[in-house]
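Chain residues, written in single-letter form:
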Amino acid sequence: MTTNPSFTLRQLIPLLETLAPTAYAEDFDNVGLLVGDPEVAVTGILVCHDALEPVIEEAVARQCNVVVCFHPILFSGLKRITGKNYVERAVRKAIKNDIAIYAVHTALDNHPNGVNKILCDALGIIESQVLIPKNDFIQKLVTYAPVEHAATLRDALFAAGAGRIGNYENCSFNSTGIGTYQGNENSNPVIGQRHEWVNAEEQKIEVTFEKHLQQPILQALFKHHCYEEVAYEVYNLQNTHQNLGLGRIGKLPSPRDAREFLLEVKAKLECGGIRHSAFLDRKIERVAVLGGSGSFAIKNALAAGADLYLTADLKYHNYFEAEGKMILADVGHFESERFTKNYIVDFLKEKITNFAPVPLPSGILVSEVNTNPVKYL
């Protein structure tokens, strides 16, 4: 088997970061590269839901040395790897066979095109928006530059990822004023001379950005600013990120009978069964979804005016929380995320075809192992 030495795992990781930036993940999560050498040449990629031991065996058999999984097989720290449980066995087999494991989980949950958007699209839910917008994720950069240099600096900041607000790019606020400074004997001022008091017409530039982009944006600032010493401030904003977060809520193209809709959901998601609260005396139109365990968001779905909240892993007492105002439906954890694998495969096929000069020897494959641990009679 030949490999493509020019396409390594280190080159694959930025593409996976585009799919699901690790900065988008929840604090409790463990995403990114879990096992593997970033310098290894990629022979093939196997995409799965859970990187269990049978999936690692499948990767070996299908000559794929990278496994991209949705759920992280390593969620909390391991103190030993003896093979005594399913996690240790999977990790040990991966290491033994030089199989890398990369997890996306809540990084893809929070992505605007991720798990919940995929679920909405599959179920025909339209005009969907984030149910629980992400907090403490937006920062603002304020800097000052001579008027004649401001446009060049602003464009460099935009190129680094600043100035994106919702469906808009290149967003900034600019105001003109007078900046003052006086350089000492070690200074090398662009305007004026050492020890000279300078009054310079400057433009104040303000741009917002997602906080994980701070480093490249500051690098762009320092690289493209004309001043020897750059004056700038970075602020943490309390604004929620309206396009980033958990769950989504949208509407059906037309009001539907709840039973009829859930039977359709059952067929599309291949559910063994759907547990639900009592039906309402009205048709449903606004539907909220949250793939995976979503009992914590019942209050959010109610506050958003959902007629039906579709999620998984609900407990007995959770069903009372709907207060007779909304239908709760538990479709199953695996089932609510079942389309994720195909989405990842399609994304990687498009990106790697455009990026890698030579096709991967074993390709980009969907795992054929069903890792759903829940069975139905």
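It should be noted that the structure appears before, not after, this text.
This is a predicted model, so every value here is computed, not measured. (Residues numbered from 1 in each chain as written. Predicted model: local features only at pLDDT ≥ 70, side-chain atom pairs only at ≥ 80, totals over all residues. Heavy atoms only, no water.)

Some points on the sheet that holds strand β3 (residues 66–71)
In step 1: Spatial ordering of the open sheet is given by β1-β4-β3-β2-β15, a layout of five strands whose pairing is mixed. What marks the edges here is a single partner per strand, and that holds for β1 (32–35) and β15 (363–366). The sheet shows a mean angle of 25 degrees between the axes of neighbouring strands, taken without regard to direction.
In step 2: In the sheet, strand β2 (residues 44–50) pairs with β15 via four bridges, with the strands oriented parallel. Bridge pairing in β15 places Val47 opposite Val366.
In step 3: Contacts from helix α1 (residues 9–19) reach β1, β2, β3 and β4 (100–103), with the element oriented near 15 degrees to β4. (Pairing = 2+ DSSP bridges. Helix = DSSP H or I, 4+ residues; strand = E, 2+ residues; numbered from the N terminus. Axes fitted to C-alpha atoms, helices over the stretch in contact; angles between N-to-C directions. Contact = heavy atoms within 4.5 Å.)

Notes on the environment of Leu213
In step 1: By the element assignment, Leu213 lies in the loop between β8 (197–210) and α7 (214–224).
In step 2: Given the relative accessible area of 18%, Leu213 is considered buried. (Buried < 20%, exposed > 50% of the residue type's maximum accessible area, 1.4 Å probe, protein only.)

Quick word on the side chain of Asn372
In step 1: Along the chain, Asn372 falls in the segment after β15.
In step 2: For Asn372, a relative accessible area of 9% puts it in the buried group.
In step 3: When sequence neighbours within four positions are dropped, the list of residues in contact with Asn372 reads Phe334 and Glu335.

Looking at the layout of surface pockets
In step 1: Taken as a whole, the largest pocket spans an internal volume of roughly 820 Å³.
In step 2: The wall of the largest pocket is formed by 29 residues, among which Arg164, Gly166, Glu210, His241 and Asn243 lie closest to the centre.
In step 3: In terms of residues, the lining of the largest pocket owes the most to one element, strand β10 (residues 241–256), which gives five residues.
In step 4: The class makeup of the residues in the lining of the largest pocket is 11 nonpolar, 14 polar and four charged.
In step 5: If you go around the second largest pocket, you meet 22 residues; those closest to its centre are Asp50, Leu52, His71, Tyr86 and Pro373. (1 Å grid on protein atoms, 1.4 Å probe; cavity = no way out; pocket = protein on both sides within 12 Å on 5 of 7 lines; lining within 4 Å. Points joined across faces, edges and corners; volume = space filled by probe spheres on them. Nonpolar A, V, L, I, M, F, W, Y, C, P; charged D, E, K, R; others polar.)

A short note on the packing of helix α6 (residues 147–159) against α7
In step 1: Running from N to C, α6 and α7 point in directions that differ by 155 degrees, and their axes come no closer than 8 Å. When the interaxial angle is binned, α6 and α7 end up roughly antiparallel. Note that α6 runs across α7; the crossing there is right-handed. Of the residues in α7, those in contact with Leu153, Ala156 and Leu157 of α6 are Ile217, Ala220, Leu221 and His224.
In step 2: Tallied by class, residues from the contact of α6 with α7 come to six nonpolar, one polar and no charged. (Parallel < 35°, antiparallel > 145°, perpendicular 65-115°, else oblique. Left-handed = near helix turned anticlockwise from the far one by under 90°.)

Quick look at helix α8 (residues 258–269)
In an α-helix, one turn spans 3.6 residues; hence positions three or four apart end up facing the same way.
In step 1: Here α8 spans 16 Å end to end across 12 residues, near enough to the 16 Å set by a 1.5 Å rise per residue.
In step 2: For α8, the full list of buried residues reads Ala258, Phe261, Leu262, Val265 and Leu269. Down the axis, α8 shows its buried residues gathered within 95 degrees of arc, on one side only. The exposed set on the far side of α8, more than 90 degrees from its buried face, consists of Arg259 and Ala267.
In step 3: Capping of α8 at its N-terminal end is provided by Asp257; its side-chain oxygen lies 3.2 Å from the backbone amide nitrogen of Arg259.
In step 4: Glu270, located one to two residues past α8, shows a positive phi value of around 55 degrees. (Expected span 1.5 Å × (residues − 1). Arc of directions from axis to C-beta. Polar contact = N/O pair within 3.5 Å; in protein donor to acceptor, adjacent residues only side chain to side chain.)

Thoughts on the packing of helix α5 (residues 115–123) against α8
In step 1: The contact between α5 and α8 brings their axes to 10 Å, and the two run at 115 degrees. Like other packed secondary-structure pairs, α5 and α8 cross with a definite hand, here right-handed. Side by side, α5 and α8 meet where Leu119, Ala122 and Leu123 of the first sit next to Phe261, Val265, Lys268 and Leu269 of the second.
In step 2: Broken down by class, the residue content of the contact of α5 with α8 amounts to six nonpolar, no polar and one charged.

Considering the nonpolar core
Buried together is how nonpolar side chains tend to be arranged in soluble globular proteins.
In step 1: Within the largest apolar cluster, 28 residues are counted, with the highest numbers of intra-cluster contacts made by Leu12, Ile45, Leu348 and Ile352.
In step 2: Put simply, the parts of the chain that give this core at least two residues each are α1, β2, β3, β4, α4 (105–109) and α11 (340–355).
In step 3: The contacts of Leu12, once residues within four sequence positions are left out, are Phe7, Ile45, Val66, Leu348 and Ile352. (Core = buried A, V, L, I, M, F, W, Y, C linked by side-chain atoms within 4.5 Å.)

Notes on the pattern of salt bridges
In step 1: In total, this model carries 17 salt bridges according to the counting rule given.
In step 2: The salt bridge partner of Lys140 is Glu206, with a shortest N-O separation of 3.3 Å. Taken together, the residues span a long stretch of sequence, with Lys140 in strand β6 (residues 138–146) and Glu206 in strand β8 at a distance of 66 residues.
In step 3: For Arg338, the salt bridge is made with Glu270, and the minimal N-O distance between the two is 3.3 Å. Taken as a pair, Arg338 in the loop between α10 (333–336) and α11 and Glu270 in the loop between α8 and β11 (275–276) lie far apart in primary sequence, 68 residues in all.
In step 4: By relative accessible area, which is 18% here, Arg338 ends up buried.
In step 5: One salt-bridge network, in which partners are shared between bridges, spans Glu53, Glu57, Arg89 and Lys93. (Salt bridge = Lys/Arg side-chain N within 4 Å of Asp/Glu carboxyl O.)

Structural notes on a nonpolar patch on the surface
In step 1: A grouping of Leu78, Ile81 and Ile95 is seen on the molecular surface, where their side chains present a nonpolar patch of about 240 Å² in accessible area.
In step 2: Given a relative accessible area of 35%, Leu78 falls into the partly exposed group. (Patch = residues over 30% accessible without salt bridge, like charges linked within 9 Å, V, L, I, M, F, W, Y side chains within 5 Å. Areas by Shrake-Rupley, 256 points an atom, 1.4 Å probe, with all protein chains shown as cover.)

Some details on unusual backbone geometry
In step 1: Positioned with a positive phi, His105 is a non-glycine residue whose angle comes to about 35 degrees.
In step 2: Of the residues examined, His105 reaches a relative accessible area of 12% and is grouped as buried.

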